[in-house]
Every structure is written in structure tokens, then in C-alpha cells.
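Structural features, examined
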Amino acid sequence: MTDTSTASAESVPLAPRAWPLLGHALPLLRDPLAFIMSLSGYREMVRVRLGPSSAVMICDPDLTRQVFLNDRTFDKGGPIYDRIREVIGDGLSTCAYPLHRRQRRLCQPSFHPTRLAGYGAVFARAAAAKAGSWRDGDVLDVTQEMMTLTTRATMETMFSGALPAETMQRCLADTAVIVSAFFRRMMTPALLRRLPTRQKRRYDDARTRLAATIAEIIAERRADPTDHADLLSTLVAAVDEESEDGRRQLNDAELADEALTFFLGGMETTAITLAWALHLLATNPDVQHRLKAETDRVLAGKKLDPAHLPSLGLASRVVTETLRLYPPAWMMTRVVREDAELGGVRFKGGSTIVLSPYLLHRRADLYDEPDRFDPDRWLDAQPDRATYIPFGAGARKCIGDQFALTEAILALTAIVERWELTPVGDQPFQPKVETSLSSRGLRLRLTERRPSGAGDAERSAAAPLSASVQPSTQPGAAACPVKHGK
Ligand code: HEM
């Protein structure tokens, strides 16, 4: 029976400045963030048109949460997911509701807190090696540097240290090609996407090679299934006890999809978060100064270690605040699977819903001085699960949230311990809106903090990473001081 007390989605107000045929395509392409923020005056929802199709953007935190929590009705799907599936298949982040619960059960053990402590040791070593590879006075391409750091650390934690240097280099290069081409392909109409251009060939080759490399690694691991204490070992061993025979495991194709999902999904988001955090520190020298003081007090001349995490309160708040101001997943979409009601509005099956952490995180009625970088706003406040959503929420919440936070806090600490960061030029740096809220093109100048010679031990740590991840003997030792509740 139809509920006559609810309004139809067509009655949701249309955002202003829609052009006759194009709808809001021009302002969205010209300056997507300004367009999204221009909608913040709508308290509940607003309709946006792109050519002939329209989507409803949810502006209210409680309605956003209802969408996240009802993942059976508000499911993943639609053209954006079709593009993502081209690369990572039907892995955990792209699969639709009917497949999701089982995949999540199989992947969850890979992110168990007992594993995180071991991953933390890899992150600390990788960050010290990266910080040790720079020279006084260098001007860094920050995003590029953070991408190589997180790619390396992700490779190490996923496939342990046993990867030959040549394989590692190949994966790094292929990943860079895929990530840089991805957004362009998402925005290009299907017909043009199929044209055999040089860029398309590079992208296809990189995708095929990366998939083949991962298939090779999986085949080797199947032949030697001992626990390497990395993500892949846990995925290979995972058993779905709730399956019909209680013994269902991931097959090779599923394993490859999940490995690619973790690899590509995890390293770019974390790299961007780190780049923005460094930018915010460079432009807020008082916070940078306090962070250096915290680093000195906590490390007290010792090597950075995941056991330091609970004492790195300011570093943790800097990461929390960075993710508020620059959530890499600035926008997410859902498709309505069957007719449904939300906030007194009837949505037909097939409608598209847009959610935006960027919009919620910068609403003046939810945050005091929302555009100001103020890590201390988190001093006595835990992030609210409706208004702070850099990792999403509900059953589809980021499975790698603690992994990413651990990596980011340790990396920031390792960098600030050794380097002072200052902006290059006096122009404010603006995000590039791509699949993520990209920091591409960000450059910062480095000044070494210590007298020369004092850091030789760490500089020698710039050698390639090789030791494998060790499982933790202290469950929860790497537990992050930031808690994002469900
Ligand atoms: C700062 C870093 C990160 C951010 C901001 C981030 C953000 C997000 C967000 C917003 C979602 C939910 C998307 C949606 O509901 O549409 C998500 C899902 C996901 N993330 Fe992350 N992520 C980060 C790091 C990572 C890492 C390090 C990994 C893996 C190693 C990872 C793996 C995943 C996976 C597999 C999903 C899908 C979960 C599911 O559907 O059950 N992410 N992430």
C-alpha cells in the first residue's frame, strides 16, 4: 500500500542555477566543492540534476546515518561502481548487499587488532625510512612522496617482506598509472573510453600487469600456506563458518579482487590524508611546534614504535581534524534498490542518493568555525558518529579505518620528529577534486631539525624494507587513540 503522508522525490527542492539541458553539470565541473557548500543551506535534502538524470543529496546528519545503516535498501551500485569494478572486480567495497555480509566476514580477521600491532611496526619502519631519505632544503612533491610511502607500507603489510625489489617496483609503477587515470575514465563517456588511445593502452597494460602480479603472489602463497603474518595469509586462511557447509573460503578470483581492493583502496586515501595533514602543519606552525614537542617527549630519543601510539594524543587529533577538513571520500553514492521512504520522502527503486562528508564536516551549525584547523576541538570530544563520517558508517564502514589511522599517526610522528615543514610560495593551496579530495601538486619545503650527523642511524634506515610483519603478542597494543564508533 502506498503511504500518502509522504512526498515524492520530485517534490524535493531543486538546487538553484540548473541549466535547461545540462542541469548543474557546469557548476559541478567548475568548482565541485563550492557547489556542494552552496547547498549547505538546505537542512534535509536537495535535488541536483546532471543532464537528464537527477540525484538527491542528503544534507542532514541523521538522514545520512539512516542511509548508511539501511544498506539493504540504500545499496552500492550505478555507473560509478561499474567503473571501479573494472579495476578491483567485485571485492568488498564494490559488491552489492547480497554478497556483502559473507565477504565482510571473510575479510574482517585481516584487520583484527592483534594483527594491527604487527602492521604498526612495518608502518613505523617505513615512515622512518621515508623521512630518512630526504635532504635538508628539499622541496617535496608531498603527495607523490606519501603515495610511495603508503604503497610500500601496504605492500609490506599485505604480502610481507618477501617480495623481490623488482616486483615491488613494478607494482608501484602500475599503481601510479592506474590511480592517475582512474578519475578521468570515470568522467569519460563509454564511447570515448573505448577509443584505443595511448593513455588507454597504458592504463589497460598497468591493470593487466598488476592483476597478473597479484595472481602470481597468490599462487605462491597457495603453494606455501604457512602464516606469513600479513593480510594475504589471513585472507587465504579465512573460513566462513556461517556458509552452508561451514567451510567456505575465498577462491583465487575472489582473493585477487580483495587483495586489489585493499591495496588500491587503502594506499591512496591514506597518502592523501597524510599530505593534507602535512599541509595543515606547514600552514599552522604553532601546531607543528607543539607536535614536535610531543614527539620529543614521547620518543625521548628512542626509535618510533607502535607502543608509542596511546601517548601520541596531538598527532592523533591532527589526523582526526585533517579527515574532518579534507575527507578523501568527499562524496559517496547509493542506489535505492526498492521503493523506500526517507525523511518523509518516497524514493522510487533505482533513484540515486548522494552523501557528502565534506558538506557535513563544514556545516557551521555542526562545527564552530568549521573552516578553521583546530585539532584541540577533539581534546574533550569524541568524534560524533552522525556528524563525523570520514570512514562512512554502518555495515559498509571502512574496514581499514584503524589500519589507516595507525599508519597516519606513526608517519606524521616520524616526519615531524626530523623535519620542519614550510609552505612554498604564498598562494593558498586548493584541493583537486577527483575520485578523492586530492592534494596533487602540493609542495612543501623541508628544514632538518637536528644538527647534521645526529640522524645517521635513521638515515641508514632508508635501506629497502625487508623484514616481515610479526604477529602481535599483545592484543590491542596498536589500538589507535582515536575511536570511531559505529
Ligand atoms: C584515511 C584513509 C581512509 C579513508 C578516509 C577511507 C574511507 C572509506 C570510506 C568513506 C568508506 C565507505 C565508503 C562507502 O560507504 O561508500 C571506506 C570503505 C572501505 N575501505 Fe577505506 N578508507 C581509508 C583507508 C582504508 C584502508 C587502509 C583500507 C585497507 C587496507 C581500506 C579499505 C576499505 C574497504 C575494503 C572498504 C569497503 C568496506 C565494506 O564495504 O565493507 N580503506 N573507506
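Residues numbered from 1 in each chain as written. Predicted model: local features only at pLDDT ≥ 70, side-chain atom pairs only at ≥ 80, totals over all residues. Heavy atoms only, no water.

Per an unreviewed UniProt entry, the chain goes by Cytochrome P450 and derives from Streptomyces antimycoticus. Of the chain, the UniProt comment under Cofactor (unreviewed entry) reads exactly: "heme". (UniProt positions renumbered as here; feature names shortened; annotations may be inferred.)

1. Observations regarding a nonpolar patch on the surface
Judged by side-chain polarity, W19, L21 and L22 come together as a nonpolar surface patch covering roughly 360 Å² of accessible area. Within the element layout of this structure, L22 appears in the loop between β1 (7-8) and α1 (25-30). (Patch = residues over 30% accessible without salt bridge, like charges linked within 9 Å, V, L, I, M, F, W, Y side chains within 5 Å. Areas by Shrake-Rupley, 256 points an atom, 1.4 Å probe, with all protein chains shown as cover. Salt bridge = Lys/Arg side-chain N within 4 Å of Asp/Glu carboxyl O. Helix = DSSP H or I, 4+ residues; strand = E, 2+ residues; numbered from the N terminus.)

2. A short note on the coordination of the iron atom of the ligand
If you check the protein contacts of the iron atom of the ligand, you find one donor only, C398 (SG), at 2.3 Å. Its place among the elements puts C398 in the loop between α15 (357-361) and α16 (401-418). (Donors = N, O, S within 2.8 Å, 3.2 Å for Na, K, Ca; no water.)

3. Details of the site of the ligand
Around the ligand, the structure places 29 residues, and the nearest of them are H100, R104, R334, R396 and C398. In the environment of the ligand, an oxygen atom lies 2.7 Å from a nitrogen or oxygen atom belonging to the side chain of R104. At a separation of 2.9 Å, an oxygen atom of the ligand approaches a polar side-chain atom of R396. Looking at the shell around the ligand, the elements with two or more residues in it are α5 (97-107), α12 (252-283), β6 (332-336) and α16. At 6 residues, α12 tops the list of elements feeding residues into the shell around the ligand. Here the shell around the ligand is built from residues that sort into 15 nonpolar, 9 polar and 5 charged. (Near = heavy atom within 4 Å. Polar contact = N/O pair within 3.5 Å; in protein donor to acceptor, adjacent residues only side chain to side chain. Nonpolar A, V, L, I, M, F, W, Y, C, P; charged D, E, K, R; others polar.)

4. Here's the deal with the pattern of salt bridges
A pair can form between side chains of opposite charge whenever their charged atoms are brought close. Scanning the entire structure with this criterion turns up 27 salt bridges. Where R207 meets D204, a salt bridge forms, and the shortest distance between an N and an O atom there is 3.3 Å. Of this pair, R207 and D204 both sit in helix α10 (residues 198-223), separated by 3 residues, roughly a single helical turn. Looking at R207, the relative accessible area reads 24%, which means it is partly exposed. R418 is the partner of E448 in a salt bridge, and the nearest nitrogen-oxygen pair spans 3.3 Å. Note that E448 is positioned in strand β13 (residues 443-448) and R418 in helix α16, a separation of 30 residues in sequence. With respect to burial, E448 and R418 carry one shared label: buried. (Buried < 20%, exposed > 50% of the residue type's maximum accessible area, 1.4 Å probe, protein only.)

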